[in-house]
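Observations on chain architecture
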Amino acid sequence: MNRRRRVYEGKAKILYEGPEPGTLVQHFKDDATAYNNRKQDTIEGKGVLNNRISEYLMMRLGEVGVPTHFVRRLNMREQLVREVEIIPVEVVVRNVAAGTISKRLGLEEDSLLPRPIVEYCLKNDDLGDPIVTEEHITAFGWAGPHDLDDMVALALRVNDFLSGLFLGVGLKLVDFKLEFGRLWEDDEMRIVVADEISPDSCRLWDIKTNERLDKDRFRRDLGSVEEAYQEVARRLGVLPETLPAEHQRPKLVQ
Ligand code: TMP
């Protein structure tokens, strides 16, 4: 029986009180939602794969000096993270037109953007996470100008690093969403990357075929959702041992 105190339950994750003060346990579920909860399903194995993929990416980011909330993976579905004060603004970075920017600005999917474009969305399910501007964010006090500067600088560094990392395994990082939190240490506050980085929060296309290997397979009913997440994990060399052996070898990309 699970006796831990549940701090928060979202669409794809649960946060429990951690073993020490200032920590939380982040539990990855198999549940998937899209279009502001209008589409819901379970993708078997997704939580296990996202836990591994996010662990790997957060650790690699940590190695290059990007601060994150990640501490360590605990088991197949859970990781220990630092407790942060989540900033209610999602930061989206786009390299290639897809999804809502294509619709909003009439851009053909797969057209390269003139430079990485940063957008902000308010974290508010009731309103469908509306796009907002820097003006809204600072005027309503969701984040101060300095916080926002840090968030954008970190988001662009994450974009540079992850674009290269994914390119190395034959994947194009089309776009992704980051969440940030305030981490207090003594009297100092730092902005750190929080939540997760996984095929739920990134668009990842095969570099040669443009095959979608991310949540768009679920959003658009393209099928083989779990297989796509497995393929991302396999290319990164982090496919869990419990999955069939034929999926486990790292794949060299020509
Ligand atoms: P969009 O094209 O739907 O605006 O999404 C851009 C990217 O950000 C895409 O990789 C999905 C991700 N994203 C989330 O993961 N959660 C969100 O709430 C939003 C708005 C975007």
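See the structure printed just above.
Within every chain, residues take consecutive numbers counted from 1 along the sequence as written. Where totals are concerned, whole chains, interfaces and linings use all residues; where local detail is concerned, this predicted model gives features only for residues with pLDDT of at least 70, and gives and counts side-chain atom pairs only at 80 or more. The side-chain values count all of the structure's non-hydrogen atoms but skip hydrogen atoms and water molecules.

Quick notes on the pairing of strand β14 (residues 202-206)
In summary, the side chains of a regular strand alternate between the two faces of the sheet. Condition: Remark: exposure states derive from per-residue accessible area (1.4 Å probe, protein chains only) relative to the maximum for the residue type, with buried under 20%, exposed over 50%, and partly exposed in between. Secondary structure elements follow DSSP: runs of H or I no shorter than four residues count as helices, runs of E no shorter than two count as strands, and numbering proceeds from the N terminus. If DSSP finds at least two bridges between two strands, the strands pair.
Of all 5 residues in β14, 5 are buried; the element is thus mostly enclosed. A two-sided burial pattern is seen for β14, the buried positions comprising Cys 202, Leu 204 and Asp 206 on one face and Arg 203 and Trp 205 on the other. Pairing of strand β12 (residues 171-185) with β14 involves 5 bridges; the strand directions are antiparallel. From the neighbouring strand, Leu 173 faces β14, where its bridge partner is Leu 204.

Details of the nonpolar core
In plain terms, the rule: For the purposes of this section, nonpolar cores are sets of buried Ala, Val, Leu, Ile, Met, Phe, Trp, Tyr and Cys residues that join through side-chain atoms within 4.5 Å.
Among the nonpolar cores identified, the biggest contains 49 residues, and Met 151, Leu 162, Phe 166, Phe 180, Ile 197 and Leu 236 are the most heavily contacted of them. Element by element, the count of residues in this core is highest for helix α4 (residues 145-167), at 9 residues.

Structural notes on the pattern of salt bridges
When charged atoms on two side chains of opposite charge get close, those side chains can pair. The line we're drawing: Salt bridges are defined as contacts in which a side-chain nitrogen from Lys or Arg sits within 4 Å of a carboxyl oxygen from Asp or Glu.
This structure, assessed with the given rule, holds 33 salt bridges. Across the pair Glu 78 and Arg 4 runs a salt bridge, and its minimum N-O distance is 2.8 Å. With Glu 78 in strand β7 (residues 78-82) and Arg 4 in the segment before β1 (6-9), this residue pair connects regions lying 74 residues apart in the sequence. When the shortest N-O distance is used, the salt bridge between Asp 110 and Lys 172 registers 3.0 Å. Taken together, the residues span a long stretch of sequence, with Asp 110 in the loop between α2 (99-105) and β10 (112-122) and Lys 172 in strand β12 at a distance of 62 residues. Taking the relative accessible area as the measure of exposure, Asp 110 reaches 31% and is therefore partly exposed. Connected through shared salt-bridge partners, Arg 94, Arg 104, Glu 119, Asp 175, Arg 203, Asp 216 and Arg 219 make up one network.

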